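# Structural overview for review
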Amino acid sequence: MRHPIQITNHPIRFLLYLEWILLIITALVELLKLPFPPLPRSPLLNLVCLGVFGLMGLRLPTNQPIYKILYTAAEIGVILLASMVGHIRLLQLMLIILVVRNCFIFEFQGRLVMTGFAVILFLMRQMVRFQHHAMRHRPPFRPPPVFREPPTGLIPERLLFILLSSVLIFVLVLIVLQLLVDTVLSERKSRQDLAQANAQLRDYALRIEDIATLQERNRIAREIHDSLGHSLTVFNLHLEAALILLQSDPAEAKEFILEAKQLGKTALKDVRQSVASLRLNPLQEQSLENAIASLIDDFQKSTAISPTYHLNLKRSIPGDIKIAVYRIVQEGLTNIFKYAKPTEVDIQIKTATDLQLIIKDNGIGFSLNQNTSGFGLQGMRERTQALGGTFKIETAPGAGCKIIAHFPLPKV
């Protein structure tokens, strides 16, 4: 549904200024004595018609068809009054304004009708003017020495050529103006559609960001609950047991205190990992090689298992893919440390047409039918798919686990 259009609020303001300029020129011509073909004229009536016609351009009709028809009929009535009664000199300028205005009111069929009306009225006015000119400049009749038939046409061939040329130029001007207005309106609509699409994209991006933030918070909350909460609970139980045994069995109480100390270290490490997960860029200006080497070093200190690491990067890697690879390796090593109980871990990262990441262990494995909905595995899958990649898990009870992630790389 089209909304009411106000020329004064329309982005194509130069069209309003063009109307004013054309109407002012027409009014000045009416007030000046210029060498136009003389016709019985009413300058005062023409000035009134120009004023009314100009005021009508300040507000175009709404989307109601009846208002459009009445508005256009009023415009035509003003033009016919100025043309047939006032014999306004620059009628073609009013007709041009009429056609341009109707580009904002009607669709293609209505514009075609108004253009045809303007051309017909301009042609009739030109014919009347040239006929009057021919009648005024016809030489007085003198009987020829030899009888010849008098000319039958009222417009000589030279004036007929001028008439057709002026009509053709007028038609071309109308066509060019309509094409110009259509182009500007199409561009305006494209800008509006683009602005609306951008607003929707921003809204979708904010929603996705909120969802991603919520998922990341849930993951961190679960990690804190599962690791830090468990460690602190056992830590508290050990301290309570140590206090109870402190007087009766100091040696056993010391053992509980040492175990509580170890649990405190583990809890502190879990807190640091959770804080590191909140960082915007976990690489912190490090290269991917150094960041993953740091993860492997931490894993080795915690488990006494030295993972094998094969890195073969022949191409540059976008930053978002680097972060995703780092997070998947981090999550994979965390899951291996918690659940897999392996003796060997192997990590491979290589690039060709895409980037391939493989994390493999020889631990206890698990059943794909029961354990594929874990938050860690789901997070790795979502990170991969968000960048257009594929994620796959190969595992079975007692057969270890193999995680494979493929990331598409930009074409060189």
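Right above here is the structure, for reference.
Since this is a predicted model, take the numbers as computed values, not measurements. (Residues numbered from 1 in each chain as written. Predicted model: local features only at pLDDT ≥ 70, side-chain atom pairs only at ≥ 80, totals over all residues. Heavy atoms only, no water.)

## A short note on a nonpolar patch on the surface
A cluster of nonpolar side chains, namely Tyr17, Trp20, Ile24, Leu28, Leu31, Leu32, Leu55 and Leu58, defines an oily patch on the protein surface of about 810 Å² accessible area. It is helix α1 (residues 13-31) that provides the largest number of residues to the nonpolar patch, a total of 5 residues. When you line up the elements, Leu55 lands in helix α2 (residues 43-56). By relative accessible area, which is 61% here, Leu55 ends up exposed. (Patch = residues over 30% accessible without salt bridge, like charges linked within 9 Å, V, L, I, M, F, W, Y side chains within 5 Å. Areas by Shrake-Rupley, 256 points an atom, 1.4 Å probe, with all protein chains shown as cover. Salt bridge = Lys/Arg side-chain N within 4 Å of Asp/Glu carboxyl O. Helix = DSSP H or I, 4+ residues; strand = E, 2+ residues; numbered from the N terminus. Buried < 20%, exposed > 50% of the residue type's maximum accessible area, 1.4 Å probe, protein only.)

## So, the pairing of strand β4 (residues 390-395)
By the alternation rule, side chains of β4 split into Phe391, Ile393 and Thr395, which are all buried, and Thr390, Lys392 and Glu394, of which none is buried. Looking at chain direction, β4 and strand β5 (residues 401-408) are connected through 6 bridges and run antiparallel. For Phe391, the partnering residue across the bridge sits in β5 and is Ala405. Between β4 and β5, which pair antiparallel and follow one another directly, the connecting turn spans 5 residues, one of which, Gly398, has a positive phi of 80°. (Pairing = 2+ DSSP bridges.)

## Quick look at the pattern of salt bridges
For the structure shown, the criterion picks out 4 salt bridges. Among the salt bridges present, the one from Lys189 reaches Asp193, with a minimum N-O distance of 3.1 Å. In this pair, Lys189 and Asp193 are both assigned in helix α6 (residues 157-245), 4 residues apart and thus about one turn of the helix distant. Assessed through its relative accessible area of 51%, Lys189 is described here as exposed.

## Some remarks on the nonpolar core
Ranked by internal contacts, the top residues of the largest apolar core, which has 40 residues, are Phe53, Ile79, Met94, Leu95, Phe170 and Leu174. Those elements giving two or more residues to this core turn out to be α1, α2, α3 (65-85), α4 (91-102), α5 (108-136) and α6. Take this core: its biggest share by element is 9 residues, from α4. Residues contacting Ile79, with those up to four places away along its chain left out, are Phe53, Leu91, Met94, Leu95, Leu98 and Leu121. If you look at the next biggest cluster of nonpolar residues, it comprises 34 residues, including Leu295, Ala340, Ile347 and Leu377. (Core = buried A, V, L, I, M, F, W, Y, C linked by side-chain atoms within 4.5 Å. Contact = heavy atoms within 4.5 Å.)

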